[in-house]
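Below are the chains, spelled out letter by letter.
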Amino acid sequence: MKKVLSIAGSDCSGGAGIQADLKTFSAHGVYGMSVIVSVVAENTSRVIDIQDITPDMIEKQIDAVFEDIEVDAVKIGMLSTVACMKAVAKKLEQYKPSNIVIDPVMYAKNGCPLMKPNSIDTLIKLVLPYADLLTPNIPEAEKIANLKINNVEDMKAAAKLIYDMGCKNVLVKGGHAIGDALDILYNGEDFYYYESKRINTKNTHGTGCTFSSAITSNLALGMPMHTAVDRAKKYITGAIKHSLEIGKGNGPTHHFYELYNNGLNIH
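The paragraphs below set out a description of the structure included in this document. None of the values given here were measured: they were computed from a predicted structure. Residue numbering note: each chain is counted from 1, following its sequence as written. Note on the predicted model: pLDDT of at least 70 is required for a residue's local features to be given, and 80 or more for side-chain atom pairs to be given and counted; whole-chain, interface and lining totals, by contrast, use all residues. Derived side-chain values reflect all non-hydrogen atoms in the structure, with water molecules and hydrogen atoms excluded from consideration.

Another aspect to go through is unusual backbone geometry. Although it is not a glycine, Lys 96 adopts a positive phi angle of roughly 45°. In this description a helix means any DSSP run of H or I spanning at least four residues, a strand means any run of E spanning at least two, and both kinds are numbered starting from the N terminus. By the secondary structure assignment, Lys 96 is in the loop between helix H3 (82-95) and strand E5 (100-102). On the accessibility criterion, Lys 96 (58% relative accessible area) is exposed. Backbone geometry at Asn 146 places phi at a positive 55°, although glycine is not the residue there. A 1.4 Å probe rolled over the protein chains alone gives each residue an accessible area, and that area as a share of the maximum for its type sets the label: buried under 20%, exposed over 50%, partly exposed in between.

Pasting the structure below:
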């Protein structure tokens, strides 16, 4: 069985973060592991508080996994502070895992900040160059590229700017735009386009975490990047289409809809 590690924050309401990642890994038939960098007291409506795990403990969790278990892919989500980013970058350099997918989580679905604003330069300089794939949504891509995105050409321009910062592939996600949900992948040479009909639902808590974890799972299973993204796009579209009416705010996606209907499809 392929083994996939998530390095991210914990969402006690179960829809995003580590919890969403582990559910997504399970839905893809890979073995999920986790390093928790922040404990987030949040639900479908709001973020109440964040308690960051010490950098030393982050490093020790990563050591615990890598000294014992072979890791086929790594998904990195919320990294809220400079100290956290430095700890993770240090261990990525030490262990040099393959198939690193970085989702630069900056805001919760309700707009609450999950990354300290003064951390973005550190993310760009220290963490981003380790990414085999970076998956910013439009607000995150605007922040990283320092470019206002209003249309598809702007998404492509942002992808090029971010690629030049050192990651191997960039997927700019268009979920925050108007119209159909278009995501654009850039690998330094070619653009790939992934389009799906926009689903009219407010229940999109954890979609970014889930999408990036699905891509990571597919990379661990041996798929090339553009195929991994394509399969993950289909998975997240289904999870949103069958999202769950849980909580009073933005409910979670249905990580196991396909599994419950069709059984586990091991690749």
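The next point concerns the nonpolar core. Residues Leu 5, Ile 7, Ile 76, Leu 79 and Ile 162 are the most contacted members of the largest nonpolar core, which totals 44 residues. Throughout, a residue-residue contact means that at least one pair of heavy atoms, one from each residue, lies within 4.5 Å. Setting aside its immediate chain neighbours within four residues, Ile 162 contacts Leu 128, Leu 134, Pro 136, Ala 141, Ile 144, Ala 145, Cys 167 and Val 170. To form a nonpolar core, buried Ala, Val, Leu, Ile, Met, Phe, Trp, Tyr and Cys residues must be joined to one another through side-chain atoms within 4.5 Å. Of all hydrophobic cores here, the second largest spans 20 residues; its members include Met 223, Met 225, Ala 232 and Ile 236.

This next bit is on the pairing of strand E8 (residues 181-186). In terms of burial, E8 is a largely internal element, 6 of the 6 residues being buried. Burial of the side chains of E8 extends over both faces: Ala 181, Asp 183 and Leu 185 are buried on one face and Leu 182, Ile 184 and Tyr 186 on the other. By the bridge criterion, 4 bridges tie strand E7 (residues 170-173) to E8 in an arrangement that is antiparallel. Bridge pairing links Val 170 to Tyr 186 in E8. DSSP calls a pair of strands paired once it identifies at least 2 bridges connecting them. Of the strand pairs in this sheet, E8 and strand E9 (residues 191-196) are connected by 6 bridges, and their pairing is antiparallel. Each bridged residue has a counterpart across the sheet, and for Asp 183 the counterpart in E9 is Tyr 194.

Here the axes come from fitting lines to C-alpha atoms, over the contacting stretch only for helices, and the angles between their N-to-C directions go from 0 to 180 degrees. At a minimum axis distance of 9 Å, the contact between helix H5 (residues 138-145) and helix H6 (residues 152-163) shows a crossing angle of 50°. By the angle class used here, H5 and H6 are oblique. When you trace H5 past H6, the crossing you get is left-handed. For the pair H5 and H6, the contacting residues are Ile 138, Ala 141, Ile 144 and Ala 145 in the first and Met 155, Ala 158, Leu 161 and Ile 162 in the second. Here is the rule for angles: anything less than 35 degrees is roughly parallel, anything more than 145 is roughly antiparallel, 65 through 115 is roughly perpendicular, and the remaining ranges are oblique. Crossing handedness follows the turn of the near helix against the far one: under a right angle anticlockwise gives a left-handed crossing, and clockwise gives a right-handed one.

Each aromatic ring pair is characterised by the separation of its centres together with the angle its planes make. Centres within 6.5 Å are what make two rings of Phe, Tyr or Trp a pair, Trp counting through its six-membered ring; a difference in plane orientation under 30 degrees is then read as stacked, over 60 as edge-to-face, and the rest as tilted. On inspection of all chains with the given rule, the structure shows 4 aromatic pairs. Their ring planes at 75° and their centres at 5.4 Å tell us that Tyr 163 and Tyr 186 sit as a pair that is edge-to-face. Placement of Tyr 163 in helix H6 and of Tyr 186 in strand E8 is noted, with a sequence separation of 23 residues between them. Considering the side-chain rings of Phe 256 and Tyr 260, the 5.8 Å spacing of their centres and the 25° angle between planes classify their relative orientation as stacked. With relative accessibility at 18%, the residue Phe 256 sits in the buried group. Three or more aromatic residues link up through ring pairs in this structure, and these residues are Tyr 163, Tyr 186 and Phe 191. A cation over an aromatic ring shows up here: Lys 156 above the ring of Phe 191, its NZ or CZ 5.0 Å from the ring centre. Two thresholds decide whether a charge sits over a ring: the Lys NZ or Arg CZ must be within 6 Å of the ring centre and within 35 degrees of the ring normal.

Take helix H1 (residues 17-27) next. Owing to its 3.6 residues per turn, the α-helix aligns residues three or four sequence positions apart on the same side. Of the residues making up H1, those classed as buried are Gly 17, Ile 18, Ala 20, Asp 21, Thr 24, Phe 25 and Ala 27. Where H1 is buried, its residues touch strand E1 (3-11), strand E2 (31-42), strand E4 (73-76), helix H7 (207-220) and helix H8 (225-241). Gly 29, located one to two residues past H1, shows a positive phi value of around 75°.

What follows deals with helix H2 (residues 55-66). Compared with an ideal rise of 1.5 Å per residue, which puts 12 residues at 16 Å, H2 spans 17 Å between its outermost C-alpha atoms and is within 8% of the ideal. Looking only at H2, the buried set comprises Ile 58, Glu 59, Gln 61, Ile 62, Asp 63, Val 65 and Phe 66. On the buried face of H2, the contacting elements are E1, E2, E4 and H3. Here, expected helix span is obtained from the residue count minus one, scaled by 1.5 Å.

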